[in-house]
Every structure is written in C-alpha cells, then in structure tokens.
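Survey of secondary and tertiary structure
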Amino acid sequence: SLNSFAKRMEDFEQRVWGVICEKMGIDSSAITISYNGNFSIKDIEAAIATLDAVNRVADLPQYKAAKLKSIVKDDLIGTDAETIDIVLDEITTNIAKAGE
C-alpha cells in the first residue's frame, strides 16, 4: 500500500541522513523525517456524480448530508481539523434548513 511504501521511504531517508551526518561529523539526532501517512485515492468527481444521481431519484437528506461530508473530508485532507469541523457543521446546518 502507499502508506507502507511511504513508511519505508521515510525510514530509508532517515538512514541516509544518518550516514551523511556521520560522514560530516554532525549530530543526526536533530534531523527528523516525517512523511504524510494519509493517502486517499478517491475519485471525488465520481462521488459527486453519485450524489447527483441519487438526488435525481429520491429526496434523501440524511444520505445527502453524509455523502457531502464524506466528499468534503476527502477533498480537504491536510486541512486543520477545526476548519473541517466548521465546514461539516455548515453542511449539517444547510441540510437542516433545506428540509424545513
């Protein structure tokens, strides 16, 4: 998987820096290598198309809210949790208003 590959590359790079620092006489403890461990290969456009198709067939506000939240989470990977929570709350609020 991409996650295990990233971990192996992270470990490899850490060892490379260790060798470089050893050869240069530098303390390698200050060097920290950290790769992103969250890889998501999702087709957001396909998810939106699915949501659109379901919306044409039936009025399912709970499905719509859940699907929109899923799409937003996938689209905003790397965004801080507070911002994501604000956007998810907006979705919940707007879906509730639409159902009134």
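Residues numbered from 1 in each chain as written. Predicted model: local features only at pLDDT ≥ 70, side-chain atom pairs only at ≥ 80, totals over all residues. Heavy atoms only, no water.

This next bit is on the packing of helix H2 (residues 44-57) against helix H3 (residues 61-75). Remark: H2 packs on H3, axes separated minimally by 10 Å, with the N-to-C direction vectors making an angle of 170°. On the basis of the axis angle, H2 is roughly antiparallel to H3. Taken together, the residues of H3 that come into contact with H2 (itself represented by Ile-44, Ala-47, Ile-48, Thr-50, Leu-51, Val-54 and Asn-55) are Tyr-63, Lys-64, Lys-67, Leu-68, Ile-71, Asp-74 and Asp-75. For the contact of H2 with H3, a count of residues per class yields eight nonpolar, two polar and four charged. (Axes fitted to C-alpha atoms, helices over the stretch in contact; angles between N-to-C directions. Helix = DSSP H or I, 4+ residues; strand = E, 2+ residues; numbered from the N terminus. Parallel < 35°, antiparallel > 145°, perpendicular 65-115°, else oblique. Contact = heavy atoms within 4.5 Å. Nonpolar A, V, L, I, M, F, W, Y, C, P; charged D, E, K, R; others polar.)

For the rest of this paragraph, the subject is the side chain of Glu-10. Tracing the chain through its elements places Glu-10 in helix H1 (residues 2-24). Here Glu-10 falls in the buried class, since its relative accessible area comes to 13%. Dropping the residues within four chain positions of it, Glu-10 is found in contact with Ile-33, Ser-34 and Tyr-35. (Buried < 20%, exposed > 50% of the residue type's maximum accessible area, 1.4 Å probe, protein only.)

In this fold, Asp-11 is placed in helix H1. Each C-alpha atom of the pair Asp-11 and Ile-33 lies 7.9 Å from the other, and the pair is 22 residues apart in sequence.

Following both chains from N to C, one finds H3 and helix H4 (residues 81-98) inclined at 160°, their axes separated by 10 Å at the closest point. Considered as vectors, H3 and H4 are oriented roughly antiparallel to each other. H4 is crossed by H3, and the crossing has right-handed handedness. Across from Pro-61, Lys-64, Ala-65, Leu-68, Lys-69, Val-72 and Lys-73 in H3, the residues of H4 making contact are Val-87, Leu-88, Ile-91, Thr-92 and Ile-95. Grouping the constituent residues of the contact of H3 with H4 by class yields eight nonpolar, one polar and three charged. (Left-handed = near helix turned anticlockwise from the far one by under 90°.)

Below, the discussion takes up H3. Here H3 is 15 residues long and its end C-alpha atoms lie 21 Å apart, about the 21 Å a rise of 1.5 Å per residue gives. Every buried residue of H3 is accounted for by Ala-65, Ile-71 and Val-72. Here the buried residues of H3 occupy an arc of 130° about the axis, which is enough to place them on one side. Looking at the buried residues of H3, the elements they touch are H2 and H4. (Expected span 1.5 Å × (residues − 1). Arc of directions from axis to C-beta.)

Time to look at the pattern of salt bridges. Under the defined criterion, the tally for this structure stands at three salt bridges. For Glu-10, the salt bridge goes to Lys-7, with nearest N and O atoms at 3.0 Å. Linking Glu-10 with Lys-7, this pair stays in helix H1, spanning three residues, or about one helical turn. According to the relative accessible area criterion, Lys-7 is partly exposed, its value standing at 46%. (Salt bridge = Lys/Arg side-chain N within 4 Å of Asp/Glu carboxyl O.)

Our focus in this paragraph is the environment of Asn-94. Of note, Asn-94 is situated in helix H4. Note: C-alpha distance between Asn-94 and Ile-77 (17 residues apart in sequence) is 22 Å.

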